[in-house]
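The chain contents come next:
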Amino acid sequence: MPALFISFEGGEGSGKTTQINKLAEALTERGLKVVTTREPGGTPEGDKVRDLIVQRDGGDWSPLAETLLLFAARTMHVQKTILPALENGKVVITDRFTDSTVSYQGYGHGLNIDTIEQINSIVLDGLKPDLTFILDIDAKAGLQRSERRLASEQFGVDQTEDRFERLDISFHEKLRQGFLEIAKNDPARCHVIDATQDVEQIAQQIEGIVTDRLEVA
Ligand code: TMP
């Protein structure tokens, strides 16, 4: 079975969760073994870090401290979840990875990008996904979608996970530019997807890129 490491990135309300579920379903139907996971999270330890990072009362961490917490969770995620699954020939789909740290803590909160890259090479030996989908949406439209999601009980979303949604629009615009810059610097890995398209249209586009890569189309 072909192993593949895929990440989904994007700002708030970009529709990552919907697309991850659709891709996982499509690949499973093709007989592939798929693991879906997320950051911060992916392990019980990572979930504890998630609470510190995303909860309203999680703490007022500096960008560097926040980055170190994220990489503490990330190394557990890689060692305990991602690498074992890849070694077993599974497709791993993660909702966010290091690009989120570069975008949020780097472009958003102003931590030097080189510092993040250095931490990445020490902690993860520079591990990167094979494929990354950046779901691109105008910051304002994304926030409106995200607010609707937080306000809605039907998705079972934790209503207090809104520390980042509460930051102002200019922060979210910086994130978007950050993700686009990341994609520009690594075009072989990163695919920017227009997240304002119809959900099914986006899903087909993504599935096509993944199956081409897996050569199972
Ligand atoms: P989510 O809303 O996609 O579940 O992500 C949780 C929040 O954590 C989101 O607001 C972005 C933030 N985050 C960072 O700031 N840096 C990171 O490296 C990661 C993985 C997430």
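Quick note: structure is the one above.
Being a predicted model, the structure only gives us computed values, none of them experimental.

Further remarks concern the site of the ligand. The local shell around the ligand holds 14 residues, among which Glu12, Lys16, Arg50, Arg96 and Thr101 are the closest. In the model, an oxygen atom of the ligand is placed 2.8 Å from a nitrogen or oxygen of the Lys16 side chain. For the ligand, an oxygen atom lies 2.8 Å from a polar atom in the side chain of Arg50. Here the ligand, which alone exposes 480 Å², has 93% of that area covered by the protein. Among the secondary structure elements, those contributing two or more residues to the shell around the ligand are helix 2 (44-54), helix 3 (63-87) and helix 4 (98-108).

As summarised here, the arrangement of the five strands in space is 2-3-1-4-5, forming an open sheet in which the pairing is parallel. The open sheet terminates on both sides in strands that have one partner only, identified here as strand 2 (34-38) and strand 5 (190-194). Across the sheet, the axes of successive neighbouring strands diverge by a mean angle of 20°, strand direction being ignored. Of the strand pairs in this sheet, strand 2 and strand 3 (residues 91-95) are connected by five bridges, and their pairing is parallel. Residue pairing for strand 3: Thr36 is matched across the bridge by Ile93.

So, on to unusual backbone geometry. In this model, Glu39 is joined to Pro40 through a cis peptide bond whose omega is -10°. The phi dihedral of Arg96 falls on the positive side, at around 85°, and the residue is not glycine. Relative to the elements of secondary structure, Arg96 occurs in the loop between strand 3 and helix 4. The exposure class of Arg96 is buried, given its relative accessible area of 12%. At Asp125, a residue that is not glycine, the phi angle is positive and equals roughly 55°. Considering the arrangement of structural elements, one finds Asp125 in the loop between helix 5 (113-124) and strand 4 (131-136).

Here is what the cut-offs are and how they apply
Residues numbered from 1 in each chain as written. Predicted model: local features only at pLDDT ≥ 70, side-chain atom pairs only at ≥ 80, totals over all residues. Heavy atoms only, no water. Near = heavy atom within 4 Å. Polar contact = N/O pair within 3.5 Å; in protein donor to acceptor, adjacent residues only side chain to side chain. Areas by Shrake-Rupley, 256 points an atom, 1.4 Å probe, with all protein chains shown as cover. Helix = DSSP H or I, 4+ residues; strand = E, 2+ residues; numbered from the N terminus. Pairing = 2+ DSSP bridges. Axes fitted to C-alpha atoms, helices over the stretch in contact; angles between N-to-C directions. Buried < 20%, exposed > 50% of the residue type's maximum accessible area, 1.4 Å probe, protein only.

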